[in-house]
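Architecture and fold: a report
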Number of protein chains: 2
Amino acid sequence: MPTKERILDAALASFGTRGYEATSLDALAAGLGITKQSILYHFVSKEALLEAVIDDSAVELATALESALIGAGAGWSRVEAVVRSVFRLAARRPQLLGFVREVSRLGPPAATRLMHELDPLVARAAGFLEAEMDAGTMRRQEPRLLLLAAYSTVIGMATEVEVLRALGFEPSLRSLVTRRGELLAFLRSALLSPEPSSPLA
Amino acid sequence: MPTKERILDAALASFGTRGYEATSLDALAAGLGITKQSILYHFVSKEALLEAVIDDSAVELATALESALIGAGAGWSRVEAVVRSVFRLAARRPQLLGFVREVSRLGPPAATRLMHELDPLVARAAGFLEAEMDAGTMRRQEPRLLLLAAYSTVIGMATEVEVLRALGFEPSLRSLVTRRGELLAFLRSALLSPEPSSPLA
DNA sequence: CCCCTTGTCTACCATTCGGTAAGTGCCAGG
DNA sequence: CCTGGCACTTACCGAATGGTAGACAAGGGG
């Protein structure tokens, strides 16, 4: 793998777990068996590296969700597809979701950049929710705030390892599957209309 | 206000917004009009300061929730009381909730400490959920995972300012009230049993 | 063969970090 | 009165930080 990509990968992992400020270029370089100056050759500054990681993460996230939605049906099964896709990410690349949390914590300009790049996804999701409400399959609510609630729940269930530990669960692949199941049940009853119009299994 | 308390207050605010690593003792001291060594006089190290802030936050959180539950009834109205209490905190001391997020991000030993101190609250909440399920008022689900889901949603709705901005909302007191309303509707339909056994308004 | 670009290195720099040492003013109490 | 602790200061320190300058090797094209 080319050095530049290796740097991006290691940076994503370290930013997503240790945090941005707690990650030093020296430590990053040492972990890769290169020197800090090699990093600064490919990325003019630490901040530029962060931006590059953000851009990479945005496309990775977008393509992951995009491809999950290709085979998905309509209504509730789309939500299910998205959730499964997110949890697949949580299992295969846990750093990625951690990084998203970290960026939203960092605030502008990093957070602004990421959110801006995810804008199409957000708009699409909000539009979907609104259409489902119009169709009567989902509870009527402010679509974007409903999206925020669902987003918070999903990200939390997938990434809140410390709270999870405090609750007596040890993070593992099995526990991740359990959490996904509980999350789906939670979201299902939170989103769908109470009247048995078309539960769609 | 005594210097020690002023330090704790400023540290809570800075840790909760800028983050722990991004907060330097020098900057903290400068903001208080004192020197860094004065901070190190009251707290032997930066880490000790963090622990003190954690301890303070834990009791503040606990007492806030405790007092909210005193006048609360049973069933759903207890959930409502907790949510209202959290949002009152979000309005009055936004740093506190931000700090909780930050600590859970920092991981052990800081996160372990906070969670340990909040253990009684967690146990009580899980017990409450289980009792409600037994009574049939709430949907049957793994109580602690349901708690994690609800926790994630509440904290997210109260603190995800950047995502909120990306959604087109400007954080304000009014928007906070709106969010609380939407959150309550969301949680209500997520938690309560579908059968109209006793919705309890 | 030469030259220029690409990638990496060694060497260095100014700044900032958390933390130590050694006072200094102040006030209470024997 | 003076001694001792409390709250806080100035003066440092070594390590680590992000970043700069410049050399060196490899390789491709004229």
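Criteria and thresholds
Residues numbered from 1 in each chain as written. Chains lettered and ligands numbered in written order. Predicted model: local features only at pLDDT ≥ 70, side-chain atom pairs only at ≥ 80, totals over all residues. Helix = DSSP H or I, 4+ residues; strand = E, 2+ residues; numbered from the N terminus. Buried ≥ 20, exposed ≤ 12 C-beta atoms within 10 Å, placed from the backbone. Contact = placed C-beta atoms within 7 Å. pLDDT = per-residue confidence, 0-100. Near = placed C-beta within 6 Å. Core = buried A, V, L, I, M, F, W, Y, C linked by C-beta atoms within 7 Å. Nonpolar A, V, L, I, M, F, W, Y, C, P; charged D, E, K, R; others polar. Least-squares fit on C-alpha atoms with pLDDT ≥ 70 in both. Expected span 1.5 Å × (residues − 1). Arc of directions from axis to C-beta. Axes fitted to C-alpha atoms, helices over the stretch in contact; angles between N-to-C directions. Parallel < 35°, antiparallel > 145°, perpendicular 65-115°, else oblique. Left-handed = near helix turned anticlockwise from the far one by under 90°.

Quick word on the overall build of chain A
In terms of helices and strands, chain A carries 11 helices and 0 strands. Its helices and strands in sequence order give chain A the pattern α-α-α-α-α-α-α-α-α-α-α, from N to C terminus. Along the first, second and third principal axes, the C-alpha atoms of chain A reach 60 × 35 × 30 Å. The buried share of chain A, reckoned over its 201 residues, is 39%. For chain A, the share of sequence-separated contacts (at least 6 apart) that also reach a separation of at least 24 residues comes to 66%.

Looking at the confidence of the model for chain A
Confidence in the prediction of chain A, expressed as mean pLDDT, is 94, and 97% of residues score 70 or more. The low-confidence segment residues 197-201 of chain A (pLDDT under 50) makes 7 contacts with residues lying over four places distant or belonging to another chain.

Focus: the protein's contact with DNA strand D
Taken together, 16 residues surround DNA strand D, and among them Ser24 and Ser45 of chain A together with Thr3, Gln37 and Ser38 of chain B come closest. Among the elements of the structure, helix H2 (25-32), helix H3 (36-42) and helix H4 (46-70) of chain A together with helix H3 (36-42) of chain B are those that each provide at least two residues to the surface near DNA strand D.

Focus on the nonpolar core
Counting residues in each nonpolar core, the largest one holds 114 residues, and the members touching the most others are Ala11 and Val154 of chain A together with Ala11 and Val154 of chain B. If sequence neighbours within four positions are ignored, Ala11 of chain A has contacts with Leu28, Leu49 and Val53 of chain A.

Quick word on the interface of chain A and chain B
The interface of chain A with chain B comprises 38 residues on the first partner and 38 residues on the second. Within the residue set of the side of chain A that touches chain B, elements represented by two or more residues are helix H6 (94-106), helix H7 (110-117), helix H9 (143-159), helix H10 (161-166) and helix H11 (173-191) of chain A. The element contributing the most residues to the side of chain A that touches chain B is H9 of chain A, with 11 residues.

Things to note about the protein's contact with DNA strand C
Taken together, the neighbourhood of DNA strand C is formed by 16 residues, with Thr3, Gln37 and Tyr41 of chain A together with Ser24 and Ser45 of chain B sitting nearest. Every element with two or more residues in the surface near DNA strand C is listed here: H3 of chain A together with helix H2 (25-32), H3 and helix H4 (46-70) of chain B. Taken together, the residues of the surface near DNA strand C sort by class into 5 nonpolar, 7 polar and 4 charged.

Thoughts on the relation of the copies chain A and chain B
For the pair of chain copies, the relating operation is a rotation around an axis with a shift along it. Aligned on chain B, chain A shows an RMSD of 0.1 Å; the corresponding rotation is 180 degrees and the shift along the axis is 0.0 Å. Such a turn and shift between the copies fits a two-fold axis. Across chain A, the rotation axis passes nearest the C-alpha of Ala190 of chain A, at a separation of 1.9 Å. Of all interface residues in chain A, 100% are interface residues in chain B too; the two copies therefore contact each other through one and the same surface.

Comments concerning helix H10 (residues 173-191) of chain B
For H10 of chain B, spanning 19 residues, the distance from its first C-alpha to its last is 26 Å, which sits close to the expected 27 Å at 1.5 Å a residue. For H10 of chain B, the full list of buried residues reads Arg179, Arg180, Leu183, Phe186, Leu187, Ala190 and Leu191 of chain B. Buried residues of H10 of chain B fall within an arc of 135 degrees about the axis and therefore sit on the same side. With respect to the buried face of H10 of chain B, the exposed residues turned more than 90 degrees away are Arg174 and Val177 of chain B. Where H10 of chain B is buried, its residues touch H9 and H11 of chain A together with helix H5 (76-92) and helix H8 (143-159) of chain B.

Quick look at the packing of H4 of chain A against H7 of chain A
Residue and element names in this part refer to chain A. Contact geometry of H4 with H7 gives a least axis separation of 9 Å together with a crossing angle of 25 degrees. One finds that H4 runs roughly parallel with respect to H7. Relative to H7, the crossing made by H4 is right-handed. Residues Leu50, Glu51, Ile54, Asp55 and Ala58 of H4 lie in contact with H7, whose contacting residues are Ala110, Arg113, Leu114 and Glu117. For the contact of H4 with H7, the class distribution of residues is 5 nonpolar, no polar and 4 charged.

Comments concerning the environment of Arg6 of chain A
Residues and elements named next belong to chain A. Of note, Arg6 is situated in helix H1 (residues 3-17). Classification of Arg6 as partly exposed rests on a count of 15 C-beta atoms within 10 Å. Residues Arg6 and Leu32 lie 26 residues apart in sequence; the distance between their C-alpha atoms is 7.7 Å. Discounting residues that sit within four places of it in the chain, Arg6 has contacts with Met1 and Leu32.

Examining helix H6 (residues 94-106) of chain B
Residues and elements named next belong to chain B. The terminal C-alpha atoms of H6 lie 19 Å apart, and with 13 residues this matches the ideal 18 Å at 1.5 Å per residue to within 8%. With 10 of 13 residues buried, H6 is to be regarded as a mostly interior element. Listed in full, the buried residues belonging to H6 are Leu96, Leu97, Gly98, Phe99, Val100, Glu102, Val103, Ser104, Arg105 and Leu106. Within two residues after H6, Gly107 carries a phi angle of roughly 70 degrees, on the positive side.

Topic: the packing of H6 of chain B against helix H7 (residues 110-135) of chain B
Residues and elements named next belong to chain B. Packing of H6 against H7 brings their axes to within 6 Å, and their N-to-C directions diverge by 125 degrees. By the angle between their directions, the pair H6 and H7 is classed as oblique. For the pair H6 and H7, the crossing hand works out as left-handed. In this structure, H6 uses Val103, Ser104 and Leu106 to contact H7, whose residues at the interface are Ala110, Ala111 and Leu114. For the contact of H6 with H7, the per-class residue count stands at 5 nonpolar, 1 polar and no charged.

Section: the environment of Ala123 of chain B
All names here are of chain B. Mapping Ala123 onto the fold places it in helix H7. Since 12 C-beta atoms lie within 10 Å of it, Ala123 is described here as exposed. Measuring from C-alpha to C-alpha, the distance between Ala123 and Arg144 comes to 8.8 Å, with 21 residues separating the pair along the chain.

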